[in-house]
Amino acid sequence: MKTPAPGRACGVVLVLLSLATLQTLRAQKNDIDIYSLTVDSRVSSRFAHTVVTSRVVNKASTLQEVTFQMELPKKAFITNFSMIIDGVTYPGNIKEKAAAQEQYSAAVERGESAGLVKATGRKTEQFQVSVSVAPAAKITFELVYEELLVRHLGAYELLLKVQPQQLVKHLQMDIYIFEPQGISFLETESTFMTNELAEALTTTQNKTKAHVRFRPTLSQQQKSPEQQQDTVLDGNFIVRYDVDRTVSGGSIQIENGYFVHYFAPEHLATIPKNVIFVIDKSGSMSGRKIQQTREALIKILGDLGPRDQFNLISFSGEATPWKPQLVAASAENVNEAKSYATAIQAQGGTNINDAILMAVQLLERANREELLPPGSVTLIILLTDGDPTVGETNPSEIQKNVQEAIDGQHSLFCLGFGFDVSYAFLEKLALDNGGLARRIYEDSDSALQLQDFYQEVANPLMTSVAFEYPSNTVEAVTQDAFRLFFKGSELVVAGKLRDQSPDVFSAKVRGQLHMGNITFVTESRVAEQEKAFWSPRYIFHSFMERLWAYLTIQQLLEQTVSTPDAEKQALEARALNLSLSYSFVTPLTSMVITKPEGQEQSQVAEKPVENENRHRNVHSGPPGPLHPPRLPHPPHRTPWRPTPPDVMPQTTAASPHHAPIQPPSVILPLPGRSVDRLCVDLKRSQGPTNLLSDPGQGIEVTGHYETEKGHFSWIEVTFEKPQLQVRASPEHVVVTRNRRSSAYKWKKTLYSVMPGLKMTMDKAGLLLLSSPDRVTIGLLSWDGPGAGLRLLLRDTDRFSSHISGTLGQFYQDVLWEPLAAADDSKRTLKVQGHDHSATRDLKLDYQEGPPGTEISCWSVEL
């Protein structure tokens with residue numbers, strides 16, 4: 001491939017500073033045609049190498065600007081970005097950030113710079129670059145980035161963004177996964193998938209390998225027959241998986257002279273914890289924030305283990321403990337703490353210093369009085385939404401005071417609520433004291449984010465974990481000592497094997513359990529391990545060396561946060577050298593790309609960092625091309641089984657001949673019965689109710705029906721296999737699996753496939769939970785008369801003979817008495833020895849979504 005001649009020094013260059021975003025293409029319709037877009041992602045032993053290639057042609061008769069835009073995970077490092085324009089390659093070159101900034105400072109001063117990178121979400125950043133293209137010219141963009149997938153609550157997650165913004169003739173995504181330990185489960189989730197698009201998704205899997213391919217046709221990409229030029233592809237595509245684990249809990253893998261040691265033992269007993277929750281109740285927390293904090297705290301308190309001890313400290317201008325000392329997490333104490341949390345009100349300033357020091361004093365006093373259980377761990381969890389304003393307000397002094405008080409004896413975790421708090425302050429505070437910091441985003445699921453974080457630290461399994469290797473066999477080993485190991489996570493150590501390493505590589509992992517020490521021994525045969533990675537289709541060469549470099553850089557950058565200034569320079573120098581050697585775009589490096597000669601604008605972008613206010617992440621610059629207008633996506637549903645009326649024909653709900661008809665509480669399809677459906681009205685408020693319970697199907701449905709409002713305030717569906725819970729409320733749907741919870745807003749497309757269950761939601765707000773041999777449960781956010789949550793059932797002939805519950809009883813032995821001669825609109829229904837009066841009524845069928853249709857059905861009141 002041709003490259004620009006050395007003498008073309010006048011060519012304009014593009015500086016990409018610390019990019020962390022993946023890109024698709026934005027272009028004017030009919031002028032710029034994306035004729036090919038491919039994503040090739042290869043995950044080898046958790047290390048993901050992703051290549052995005054977009055091919056474009058300018059169909060216009062004039063010069064056009066082409067913009068390549070995509071999002072990629074925040075933790076990823078870009079390793080290459082290049083453009084090929086009419087056969088000439090314009091490659092990217094990694095440079096030290098300071099040198100690149102100095103080189104182009106003149107362009108920046110002239111105001112010719114424009115921000116290319118900005119934070120766009122909780123997990124992603126967006127990158128875009130524009131270039132002018134002559135008529136009929138073709139251009140190829142290629143972006144390469146890498147990341148190490150981190151185990152979170154029992155699963156690894158690979159996130160890809162799909163946003164072509166136009167139909168693409170050749171669009172293909174390939175995800176290859178190779179895990180020598182074996183793949184224990186694999187599931188996919190998409191926020192844009194439709195039933196038509198699902199036909200373009202294929203997944204093949206054996207013990208150690210998996211291949212996920214998505215290759216939609218042009219017709220499958222179309223939003224609808226009426227919107228043939230608009231694409232439905234706009235959202236996330238996620239692959240989640242986990243691996244098999246041995247009794248030793250460890251796996252050592254070796255490739256091309258480098259090793260990685262993964263450690264995540266199963267079946268260890270949880271260590272009791274002593275936890276103090278330090279809650280900001282200053283005035284800035286008022287309203288939604290404090291409400292969500294109370295909600296999360298009540299749920300978290302309910303998850304405390306019976307051997308745990310806890311306390312609460314709320315603070316504004318002053319800090320106030322709930323109890324003078326730690327108390328056991330008994331049912332009585334937890335309920336009392338929940339009442340206290342419910343009454344927390346927001347007002348006043350923010351005295352972070354005194355609040356944390358009070359927490360430390362409570363733990364120290366308990367330790368002196370020997371009130372902490374032997375072998376237990378001590379945690380402090382701080383939640384705040386702002387910088388200190390009362391008492392000690394100097395961040396450096398607070399960090400110093402807290403570190404001296406904790407003195408390595410406890411772990412501090414800091415949660416920053418929103419963007420008004422200095423994340424850099426909280427991050428250093430946490431890392432100085434053996435914990436970590438996390439941003440809590442202001443959204444409808446903020447309470448869920450808080451609960452999700454707590455689940456990460458709720459189950460400590462080991463403390464003082466140390467990895468040991470024969471000193472004469474390894475070198476350049478990454479971090480090998482860890483204060484805590486939590487259930488659902490994974491500890492990772494990588495390094496280089498010395499030239500004369502033995503045929504069998506062994507390692508020990510020592511640590512402390514609740515009541516004693518433990519040592520795990522893992523051995524790996526070098527030749528066998530090397531051979532395992534000879535499959536080029538699933539891996540790329542020398543990936544383990546790059547994994548080692550990636551992990552080393554990430555850890556060096558983290559160490560700089562909590563390292564004195566005198567030592568920080570040496571750490572940054574090591575991280576910079578590795579970044580340059582392995583062509584990683586990190587916070588210390590830049591990527592310089594040469595544009596074609598005559599292009600006038602230089603562009604400079606810096607990697608957004610978490611401690612910035614998101615409104616300051618984007619440098620000023622000329623606006624990019626606008627996204628094409630988005631039209632509403634028409635709902636698509638698989639038709640329900642026809643249910644012909646018993647007496648009268650259906651009419652639309654908008655019929656002018658009578659007052660609006662209301663929907664029943666629930667419509668129950670009764671296949672194979674003399675009456676094919678039953679309308680059930682719940683007239684008595686019973687609190688949380690067992691609606692359906694079928695051990696044979698492994699399904700339980702509970703809910704709370706509000707008789708005054710005429711709808712459910714929540715419905716919860718629990719599955720045994722897979723172990724999964726779906727809780728629907730008017731605000732959103734929360735799916736919990738393996739203590740990992742995800743929130744989905746109503747009327748946002750969702751398509752999730754996991755072993756034994758498919759979960760879909762369309763833009764009309766219908767969520768379906770289905771599998772080939774199981775009853776289908778539907779949850780609907782209904783906007784018609786009696787708006788609220790509705791329950792739907794499909795394939796009810798699959799219920800077992802063990803079905804029970806308020807609604808489930810109607811799928812047991814049901815006997816209809818003959819019609820009364822005097823009044824054929826009434827009859828008696830016998831259910832499990834009880835008589836129920838049934839009346840022929842007009843009801844509104846909500847099952848196909850608004851506006852609904854009028855039906856005549858037999859109605860029963862419960």
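Our structure is the block above this text.
Remember, it's a predicted structure, so these values are computed and weren't measured experimentally. (Residues numbered from 1 in each chain as written. Predicted model: local features only at pLDDT ≥ 70, side-chain atom pairs only at ≥ 80, totals over all residues. Heavy atoms only, no water.)

Caption draft 1: Representation of the overall build of the chain within the structure. Regarding its fold elements, the chain presents 13 helices and 54 strands. The buried share of the chain, reckoned over its 862 residues, is 57%. Partitioning the contacts of the chain with sequence separation of at least 6, the portion at a separation of at least 24 is 71%. Here the chain has roughly 36,100 Å² of accessible surface; of this, 49% comes from carbon and sulfur atoms. (Helix = DSSP H or I, 4+ residues; strand = E, 2+ residues; numbered from the N terminus. Buried < 20%, exposed > 50% of the residue type's maximum accessible area, 1.4 Å probe, protein only. Contact = heavy atoms within 4.5 Å. Areas by Shrake-Rupley, 256 points an atom, 1.4 Å probe, with all protein chains shown as cover.)

Caption draft 2: Local environment of helix α9 (residues 423-431). Looking at α9, one finds that the buried residues are Y423, F425, L426, L429, A430 and L431. Buried positions along α9 lie against α7 (352-368), β26 (377-384), α8 (395-406), β27 (411-417), β28 (437-440) and α12 (543-561).

Caption draft 3: How the structure looks around the pairing of strand β42 (residues 711-719). Of all 9 residues making up β42, 8 are buried, and the element is well covered by its neighbours. Direction of pairing for strand β41 (residues 699-706) relative to β42: antiparallel, over a ladder of 8 bridges. Within β42, the position partnered with V701 by the bridge is V717. Where β41 hands over to β42, the hairpin turn is made up of 4 residues, of which G710 adopts a positive phi near 75°. Taking the residues between adjacent antiparallel strands as the criterion, β42 and strand β43 (residues 724-728) are bridged by 4 residues. (Pairing = 2+ DSSP bridges.)

Caption draft 4: Layout of the side chain of T473. Among the secondary structure elements, T473 is positioned in the loop between β29 (460-468) and β30 (474-475). Judged by its relative accessible area of 4%, T473 is buried. A polar contact of 2.8 Å, which involves the side chain of T473, links it to the backbone oxygen of P470. Other than its neighbours up to four places away in sequence, T473 contacts K496, L497, R498, S501, P502 and F505. (Polar contact = N/O pair within 3.5 Å; in protein donor to acceptor, adjacent residues only side chain to side chain.)

Caption draft 5: The sheet that holds strand β32 (residues 491-497), seen in detail. On the basis of which strands lie adjacent, the open sheet formed by 4 strands has the order β20-β21-β32-β30 and antiparallel pairing. What marks the edges here is a single partner per strand, and that holds for β20 (250-255) and β30. Bridge count for β20 against strand β21 (residues 258-263) is 6 bridges, and the pairing is antiparallel. Note that in β21 the partner of I254 across the bridge is F259.

Caption draft 6: Expanded view of the sheet that holds strand β6 (residues 77-85). Strand order in the open sheet made by the 8 strands is β7-β6-β11-β4-β3-β13-β16-β15, with mixed pairing throughout. If you trace the sheet from one side to the other, it starts and ends with β7 (88-90) and β15 (201-205), each paired once. Sheet twist, expressed as the average angle between the axes of neighbouring strands with direction ignored, equals 10°. Two elements, strand β13 (residues 170-178) and strand β16 (residues 209-214), share 6 bridges in a ladder whose sense is antiparallel. When the bridges of β16 are listed, I175 appears paired with V212. (Axes fitted to C-alpha atoms, helices over the stretch in contact; angles between N-to-C directions.)

Caption draft 7: Structural context of the pattern of salt bridges. Applying the stated criterion across every chain, the model contains 35 salt bridges. For D783, the salt bridge identified is with K747, shortest N-O distance 2.0 Å. With a gap of 36 residues between them, D783 in the loop between β49 (774-782) and β50 (788-794) and K747 in the loop between β45 (740-745) and β46 (750-754) connect regions that are remote in the sequence. Owing to a relative accessible area of 47%, D783 belongs among the partly exposed residues under this scheme. Salt bridges sharing common partners tie together R46, R151, E179, D242, R245, E266 and E490. (Salt bridge = Lys/Arg side-chain N within 4 Å of Asp/Glu carboxyl O.)

Caption draft 8: Focus on the side chain of D385. Structurally, the position occupied by D385 is in the loop between β26 and α8. Taking relative accessible area as the criterion, D385 reaches 1% and is therefore assigned buried. In terms of polar contacts, D385 uses its side chain to reach the side chain of K289, at 2.9 Å. Non-local contacts of D385, meaning those with residues more than four positions away in its chain, are made with D280, S282, S284, M285, K289, F417, D420 and V421.

Caption draft 9: Structural context of the state of the cysteines. Following the criterion strictly, the structure yields 1 disulfide and no others. Through a disulfide, C679 is tied to C857; the S-S separation comes to 2.0 Å. Between C679 and C857, the S-S torsion sits near -125°, and that sign places the bridge as left-handed. One end of the pair, C679, is in strand β39 (residues 677-681); the other, C857, is in strand β54 (residues 853-861), with 178 residues separating them in the sequence. The same class applies to C679 as to C857, namely buried. (Disulfide = S-S within 2.5 Å.)

Caption draft 10: Highlighting the environment of V477. Tracing the sequence through the fold places V477 in the loop between β30 and β31 (481-486). C-alpha of V477 to C-alpha of L497: the two residues are 20 residues apart in sequence and 9.4 Å apart in space. Once you skip the residues sitting within four places of it in the chain, V477 turns out to touch F259, Y469, V493, A494 and G495.

Caption draft 11: A look at the packing of aromatic side chains. Tallied over the full model, the rule gives 31 aromatic pairs. Summarising the aromatic geometry, the rings of F259 and F505 are spaced 5.0 Å apart at their centres and angled 55° between planes, so their arrangement reads as tilted. Of the two residues, F259 is situated in strand β21 and F505 in strand β33 (residues 504-512); the sequence distance between them amounts to 246 residues. Just as F259 is buried, F505 falls in that class too. Ring geometry for W782 against Y846: centres 6.2 Å apart, planes inclined by 65°, an arrangement best described as edge-to-face. (Phe/Tyr/Trp six-rings, centres within 6.5 Å; stacked < 30°, edge-to-face > 60°.)

Caption draft 12: Summary view of the environment of P587. One can find P587 in the loop between α13 (565-581) and β35 (589-594). P587 gets classed as partly exposed once you look at its relative accessible area, which sits at 28%. Through-space distance from the C-alpha of P587 to that of K97 is 7.9 Å; in sequence the pair is 490 residues apart.

Caption draft 13: Here's a closer look at unusual backbone geometry. A cis amide bond, omega -5°, links K721 with the succeeding residue P722. Within the secondary structure, P722 is located in the loop between β42 and β43. Following P850, the chain continues to P851 via a peptide bond in cis, the omega torsion being 0°. Located in the positive-phi region is A476, a residue other than glycine, with phi close to 50°. Mapped onto the fold, A476 is located in the loop between β30 and β31. When its relative accessible area of 43% is taken as the criterion, A476 is described as partly exposed.

Caption draft 14: Up close: the packing of helix α5 (residues 288-302) against helix α10 (residues 446-457). Interhelical geometry of α5 versus α10 gives an angle of 35° and a closest axis separation of 8 Å. Crossing of α5 against α10: the hand is right-handed. Judged by residue contacts, Q292, T293, E295, A296, K299 and I300 of α5 engage S446, A447, L450, Q451 and Y454 from α10. A per-class count over the contact of α5 with α10 returns 5 nonpolar, 4 polar and 2 charged. (Left-handed = near helix turned anticlockwise from the far one by under 90°. Nonpolar A, V, L, I, M, F, W, Y, C, P; charged D, E, K, R; others polar.)

Caption draft 15: Main features of the pairing of strand β40 (residues 689-694). Taking burial as the measure, the 6 residues of β40 include 5 buried ones, the bulk of the element. Where β40 lies against β41, 5 bridges are found, and the strand directions are antiparallel. Its bridge partner being in β41, N690 is matched across the sheet by T702. Connecting β40 to the antiparallel partner β41 that follows it, the hairpin turn spans 4 residues, and G698 within it adopts a positive phi of roughly 70°.

Caption draft 16: Up close: the environment of I238. Mapped onto the elements, I238 comes out in strand β19 (residues 235-243). Apart from residues no more than four positions distant in its own chain, I238 is found in contact with E157, L158, L159, E187, T188 and E189.

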